[in-house]
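A structural walkthrough
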Amino acid sequence: HAEGNPRAGKDKAAACNSCHGDNGNSMAPNFPKLAQQHASYLAKQLLAFKSGARNDPMMSAMALPLSDGDMADIAAYYAAQKISANAMPVLPPPDEDEDEDEQPAAAPVKSKSVPELIAQGSDLYRNGDRQREVSACIACHGPFGEGNQPAAFPALFSQHADYLIKALTDFKTGARGNTSENMMHMIARKMTDEEIRAVAYHISMM
Ligand code: HEM
Ligand code: HEM
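Residues numbered from 1 in each chain as written. Chains lettered and ligands numbered in written order. Predicted model: local features only at pLDDT ≥ 70, side-chain atom pairs only at ≥ 80, totals over all residues. Heavy atoms only, no water.

Some thoughts on the environment of glycine 4
Along the polypeptide, glycine 4 turns up in the segment before α1 (6-12). Counting along the chain gives 113 residues from glycine 4 to leucine 117, while the straight-line C-alpha distance between them is 39 Å. Excluding residues within four positions of it along the chain, glycine 4 makes contact with Ala72, Asp73 and Ala76. (Helix = DSSP H or I, 4+ residues; strand = E, 2+ residues; numbered from the N terminus. Contact = heavy atoms within 4.5 Å.)

Structure, rendered in structure tokens:
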């Protein structure tokens, strides 16, 4: 694998900043931050978008014209940028589809607070769930969410919670293809929606 040139990558990434933000720190929470991500992982994802192994209407079009050299340069550029920290997550408003006139059969279950979810997510991240064979995230994504460059395990720290929830949900449903066997598919399929939210909140604060 050829090493990318971050200076050339900066120019080639000009068309990406409208969504991924200045220096790879996107403002919109559904667009992933790319700053400080491993070059190996970034290049792999771009190739996956180009080949169709991973699908996204916007990204598939953006990746199509990129050569292997372009991908390496762009990956080197984003890998060298510093990721920004997130504000505390905010719970989404309750479902608006619900019929307001309908009387609940029982008292509604009180949903967990953000700090409770972060604590739950931290436990799942470090320990997994042996009974249900949910692997601990720490094993691949590291104690600080730093990932692993040679293995192309993505860094997760300070990623937007909304994007993390979408990524895990897409692994769970199979909507997102996986370039590294099926590790994330097998893990996400065993996670409840609440666990996905909990671990995403925790990771977004790492
Ligand atoms: C995802 C790079 C332009 C929207 C990604 C990812 C990479 C990337 C590497 C995967 C991140 C990850 O897995 O953590 C680039 C590059 C661009 C570019 C190099 C320019 C050539 C754009 C533009 C948009 C966009 C212009 C918006 C119109 C998105 C979205 C995702 C994404 C929505 C998440 C897809 C999903 O949920 O699976 N991009 N991007 N990108 N990008 Fe881009
Ligand atoms: C990708 C979370 C456990 C290996 C990801 C992504 C997320 C994630 C959010 C997508 C990152 C992005 O799009 O930027 C988690 C959580 C885990 C967990 C919450 C624990 C519950 C693991 C384990 C392994 C692993 C145990 C290794 C056995 C990977 C790999 C990818 C990935 C290889 C990249 C997949 C691809 O190339 O598309 N993980 N992960 N993860 N994770 Fe995990």
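And the narrative resumes.
Some remarks on the site of ligand 1
With respect to spatial proximity, 21 residues lie near ligand 1, and among them Cys16, Cys19, His20, Tyr41 and Met59 are the closest. Between an oxygen atom of ligand 1 and a side-chain N or O atom of arginine 54, the distance comes to 2.8 Å. Within the side chain of lysine 166, one N or O atom sits 2.8 Å away from an oxygen atom of ligand 1. For the shell around ligand 1, the secondary structure elements donating two or more residues are α2 (17-20), α3 (39-51), α4 (57-63) and α8 (161-173). For the shell around ligand 1, the element with the highest residue contribution is α3, accounting for 5 residues. Looking at the shell around ligand 1 residue by residue, the class counts come to 15 nonpolar, 2 polar and 4 charged. Two domains each put at least three residues into the shell around ligand 1: domain 1 (6-79) and domain 2 (114-204). (Near = heavy atom within 4 Å. Polar contact = N/O pair within 3.5 Å; in protein donor to acceptor, adjacent residues only side chain to side chain. Nonpolar A, V, L, I, M, F, W, Y, C, P; charged D, E, K, R; others polar. Domains from an automatic or database assignment.)

A closer look at the side chain of glutamine 45
Positionally, glutamine 45 belongs in helix α3. Within polar-contact distance, the side chain of glutamine 45 engages the side chain of arginine 176 at 3.4 Å.

A word on the coordination of the iron atom of ligand 2
The coordination sphere of the iron atom of ligand 2 contains the protein donors His141 (NE2) and Met184 (SD), at a distance range of 2.0 to 2.2 Å. Each of the 6 donor atoms around the iron atom of ligand 2 contributes to a set of angles spanning 86 to 179 degrees, which defines the coordination as octahedral. You can see histidine 141 sitting in helix α7 (residues 138-141) and its partner methionine 184 sitting in helix α9 (residues 183-189), a full 43 residues away along the chain. Using a relative accessible area of 18% as the deciding quantity, one classes methionine 184 as buried. (Donors = N, O, S within 2.8 Å, 3.2 Å for Na, K, Ca; no water. Tetrahedral: all angles 85-135°; square planar, octahedral: opposite > 155°, others 65-115°. Buried < 20%, exposed > 50% of the residue type's maximum accessible area, 1.4 Å probe, protein only.)

Quick look at the nonpolar core
If you look at the biggest cluster of nonpolar residues, it comprises 23 residues, and the most contacted ones within it are Tyr125, Met191, Val199, Tyr201 and Ile203. Secondary-structure elements contributing two or more residues to this core are α6 (114-127), α8, α9 and α10 (193-204). Setting aside its immediate chain neighbours within four residues, tyrosine 201 contacts Pro89, Val90, Leu91, Pro92, Val114, Leu117, Ile118, Ala161 and Ile165. Counting residues in each nonpolar core, the second largest holds 14 residues, with Leu34, Leu66, Met71 and Tyr78 among its members. (Core = buried A, V, L, I, M, F, W, Y, C linked by side-chain atoms within 4.5 Å.)

Observations concerning the coordination of the iron atom of ligand 1
The reference angle at a metal is 109.5 degrees if four donors form a tetrahedron and 90 or 180 degrees if six donors form an octahedron. Taken together, the protein ligands of the iron atom of ligand 1 are His20 (NE2) and Met59 (SD), with distances of 2.0 to 2.1 Å. Seen from the iron atom of ligand 1, its 6 donor atoms lie at angles of 86 to 179 degrees, and the figure they make is octahedral. Of this pair, histidine 20 sits in helix α2 while methionine 59 sits in helix α4, and the two are 39 residues apart along the sequence. Across the pair, methionine 59 and histidine 20 agree in class, each one buried.

Side note on the pattern of salt bridges
If you walk through the whole model with that rule in mind, you get 7 salt bridges. Its salt-bridge partner being glutamate 195, residue arginine 132 comes within 2.4 Å of it at the nearest N-O pair. Linking arginine 132 in the loop between α6 and α7 with glutamate 195 in helix α10, this pair joins segments that are 63 residues apart in sequence. For arginine 132, a relative accessible area of 32% puts it in the partly exposed group. Between aspartate 170 and lysine 166 there is a salt bridge, with its nearest N and O atoms 2.7 Å apart. Taken together, the positions of aspartate 170 and lysine 166, both in helix α8 and 4 residues apart, correspond to about one turn of that helix. Residue aspartate 170 is classed as buried on the basis of its relative accessible area, which comes to 17%. One network of salt bridges, in which partners are shared, links Lys12, Asp70 and Asp73. (Salt bridge = Lys/Arg side-chain N within 4 Å of Asp/Glu carboxyl O.)

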